[in-house]
Amino acid sequence: MVHSHGRFVWYELMTTDPEAANAFYADVVGWSTRNIPTPGSNYSLFNAADAPVAGLMHLPDDATRMGVTPHWIGYVSVDDVDTSVARLKQLGGVVHVPPTDVPNISRFSVVADPQMATLALVKGLNSAQGQPDMSGKLGHVGWHELLATDWEAAFAFYSALFGWQKADSHSGAMGTYQRFSVGEEAIGGVFSKPEILPVPFWLYYFNIDDIDAAAKRVEACGGQIIYGPVAVPGGGRIVHCTDPQGAIFALLDRRKAVGYFTSAAS
């Protein structure tokens, strides 16, 4: 069991075609879906081995008209949403959706960091202390990556907001890749994005057991490969993709990884 403050605890796909997205991720990742009755909207759960992994919902038409494209968003658990939102604004972040209650489920807020990468803050039943860590299980999110304009400024912001700590880092053709941890567990990495990418964003990696076969399924099902498959430090293999509606996601094969994705902070 783990304390959830500062950890990603939920994910949602906002898309223009939920039915097509449902079929795509079922084939690529192996998820099943279950519809959840919600007032005024259709909401489905992606499940891995009957455990909920993420939500699926239609991207509102007014958002589409404003230029919002299909995307994944991650929810970070906080001890108090209102206090965290106030702190975020002090640190230069932006609030897209103010603290809002979902009756009997959670209180959340959709925000952006000072470089405009979007995520959500949440406190609720699914983010309570004592939830088991599923980050190593097939079909679950195993890594979180921020492609920032300035990785050092971005890390300073999140460290001040969530208490994230630096784990180890390495340098390569893309510059410095800095891993970050919650407590003793590394949960993600941050680096400065290539200039060709227009905006900073969070990228979520879903655990699979054969990266090459999964990459072939992505293309066979109408998605596109952006980068990879490629080995990364520590022995894991990754691939960056878009689904048929254009949402960016990544896949992670941990089978040959040696501690890199879970080692303690240094």
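See the structure above.
The paragraphs below set out a description of the structure included in this document. Everything numeric here is computed off the predicted structure, so don't read it as measured data.

Focus on helix α5 (residues 211–220)
Helical geometry note: an α-helix holds 3.6 residues per turn, so side chains three or four residues apart project in the same direction. Within α5 the residues assigned to the buried category are I211, A214, A215 and V218. For α5, the angular spread of buried residues about the axis comes to 100 degrees, placing them on one side. Every exposed residue of α5 that faces more than 90 degrees away from the buried side is listed here: K216 and A220. The N-cap of α5, judged by a side-chain oxygen 3.2 Å from the amide nitrogen of D212 a few residues on, is D210. Where α5 terminates, the next one or two residues include G222, which has phi positive at roughly 100 degrees.

Brief notes about the packing of aromatic side chains
Within the structure shown, the criterion is met by 27 aromatic pairs. Ring geometry for Y25 and W72: centres 5.6 Å apart, planes at 85 degrees, overall edge-to-face. Taken together, the residues Y25 in helix α1 (residues 18–28) and W72 in strand β5 (residues 71–77) connect sequence positions 47 residues apart. Assessed through its relative accessible area of 7%, W72 is described here as buried. Plain terms: the ring middles of W31 and W72 are 6.0 Å apart, the flat faces sit at 65 degrees to each other, and that makes the pair edge-to-face. Within this pair, whereas W31 is found in the loop between α1 and β2 (32–38), its partner W72 is found in strand β5, the two being separated by 41 residues in sequence. By relative accessible area, W31 is classed as buried at 3%. Three or more aromatic residues link up through ring pairs in this structure, and these residues are F8, Y11, F157, Y158, F162, W164, F180, W202 and Y204.

Quick look at the packing of α1 against α5
Packing of α1 against α5 brings their axes to within 9 Å, and their N-to-C directions diverge by 155 degrees. In terms of orientation, α1 and α5 fall into the roughly antiparallel class. Taken as a pair, α1 and α5 cross one another with a handedness that is right-handed. Contacts between α1 and α5 involve F24, D27 and V28 from the former and A214, R217 and V218 from the latter.

Conventions we followed
- Residues numbered from 1 in each chain as written.
- Predicted model: local features only at pLDDT ≥ 70, side-chain atom pairs only at ≥ 80, totals over all residues.
- Heavy atoms only, no water.
- Buried < 20%, exposed > 50% of the residue type's maximum accessible area, 1.4 Å probe, protein only.
- Helix = DSSP H or I, 4+ residues; strand = E, 2+ residues; numbered from the N terminus.
- Arc of directions from axis to C-beta.
- Polar contact = N/O pair within 3.5 Å; in protein donor to acceptor, adjacent residues only side chain to side chain.
- Phe/Tyr/Trp six-rings, centres within 6.5 Å; stacked < 30°, edge-to-face > 60°.
- Axes fitted to C-alpha atoms, helices over the stretch in contact; angles between N-to-C directions.
- Parallel < 35°, antiparallel > 145°, perpendicular 65-115°, else oblique.
- Left-handed = near helix turned anticlockwise from the far one by under 90°.
- Contact = heavy atoms within 4.5 Å.

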